[in-house]
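# Descriptive analysis of the structure
Next come the chains, spelled out residue by residue.
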Amino acid sequence: QVQLVESGGGLVQPGGSLRLSCAASGSFFSINTWGWYRQAPGKERELVAAIARGGSTNYADSVKGRFTISRDNARNTVYLQMNSLKSEDTAVYYCSADLRVGTYWGQGTQVTVSS
């Protein structure tokens with residue numbers, strides 16, 4: 001069984017920064033692709049950023065230049081550095097991990113951008 005535990009969410013003012021972390025534990029060989037998704041009230045879940053095992057990344061247009069995804073393979077952890085946060089970034093953020101046996105999800109962490 002694989003578990004993903006997220007941390008780092010919270011309340012921040014517009015223009016501020018947050019760093020999300022997601023750590024995987026359990027029995028698995030390696031994580032292929034990590035992803036960060038978000039879901040705002042009344043909206044569908046959307047991909048924010050993803051990073052492959054080799055380090056290649058892709059971002060939603062709305063976060064390019066502001067968010068950075070990174071991974072630590074030795075720690076089975078993925079990070080999302082979020083800078084210049086806007087009110088429209090408010091959402092529940094979920095991490096995902098693509099393994100050979102399937103895709104796993106974290107429980108979600110709330111990010112609220114408000115003054």
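In the block above lies the structure referred to throughout.
Residues numbered from 1 in each chain as written. Predicted model: local features only at pLDDT ≥ 70, side-chain atom pairs only at ≥ 80, totals over all residues. Heavy atoms only, no water.

Summing up its helical and strand segments, the protein chain has 0 helices and 11 strands in all. Starting at the N terminus, the α and β elements of the protein chain follow one another as β-β-β-β-β-β-β-β-β-β-β. Its C-alpha atoms give the protein chain a radius of gyration of 14 Å, near enough to 13 Å, the size a compact globule of 115 residues would have. Along the first, second and third principal axes, the C-alpha set of the protein chain runs to 45 × 25 × 25 Å. Across the 115 residues in the protein chain, those meeting the buried criterion constitute 39%. Look at the contacts in the protein chain between residues 6 or more apart in sequence, and 51% of them connect residues 24 or more apart. For the protein chain, the accessible area works out to roughly 6,200 Å², and carbon and sulfur atoms hold 45% of it. Of the charged side chains in the protein chain, 11 are positive and 8 negative, and the gap between their average positions amounts to 6 Å. (Helix = DSSP H or I, 4+ residues; strand = E, 2+ residues; numbered from the N terminus. Rg over C-alpha atoms; globule rule 2.2 N^0.38 Å. Buried < 20%, exposed > 50% of the residue type's maximum accessible area, 1.4 Å probe, protein only. Contact = heavy atoms within 4.5 Å. Areas by Shrake-Rupley, 256 points an atom, 1.4 Å probe, with all protein chains shown as cover. Lys, Arg positive; Asp, Glu negative; His and termini not counted. Charge placed at Lys NZ, Arg CZ, Asp CG, Glu CD.)

In terms of nonpolar packing, the biggest core is built from 28 residues, with Trp34, Trp36, Leu80, Met82 and Tyr93 touching the most fellow members. Elements with a contribution of two residues or more to this core: strand 1 (2–7), strand 3 (18–26), strand 4 (33–39), strand 5 (46–51), strand 7 (67–72), strand 8 (77–82), strand 9 (91–99) and strand 11 (109–113). Per-element accounting of this core gives the leading share, 5 residues, to strand 9. Residues contacting Leu80, with those up to four places away along its chain left out, are Leu18, Arg19, Leu20, Trp36, Val48, Ala49, Phe67, Thr68, Ile69 and Tyr93. (Core = buried A, V, L, I, M, F, W, Y, C linked by side-chain atoms within 4.5 Å.)

Attention shifts here to the sheet that holds strand 3. The strand order across the open sheet built from 4 strands is 1-3-8-7, with neighbouring strands paired in antiparallel fashion. The sheet is open, and its two edges are formed by strand 1 and strand 7, each paired on a single side. Across the sheet, the mean angle separating the axes of adjacent strands is 15 degrees when strand polarity is ignored. Bridging between strand 7 and strand 8 involves 6 bridges; their strand directions are antiparallel. The partner of Ser70 across the bridge, within strand 8, is Tyr79. (Pairing = 2+ DSSP bridges. Axes fitted to C-alpha atoms, helices over the stretch in contact; angles between N-to-C directions.)

Turning our attention to the pattern of salt bridges. Applying the stated rule across the entire model yields 5 salt bridges. A salt bridge links Arg66 to Asp89; the nearest nitrogen and oxygen atoms lie 2.7 Å apart. Highlighted residues: Arg66 in the loop between strand 6 (57–59) and strand 7 and Asp89 in the loop between strand 8 and strand 9, separated in sequence by 23 residues. A relative accessible area of 0% means that Asp89 is categorised as buried. (Salt bridge = Lys/Arg side-chain N within 4 Å of Asp/Glu carboxyl O.)

The values reported here are purely geometric and, on their own, carry no functional implication.
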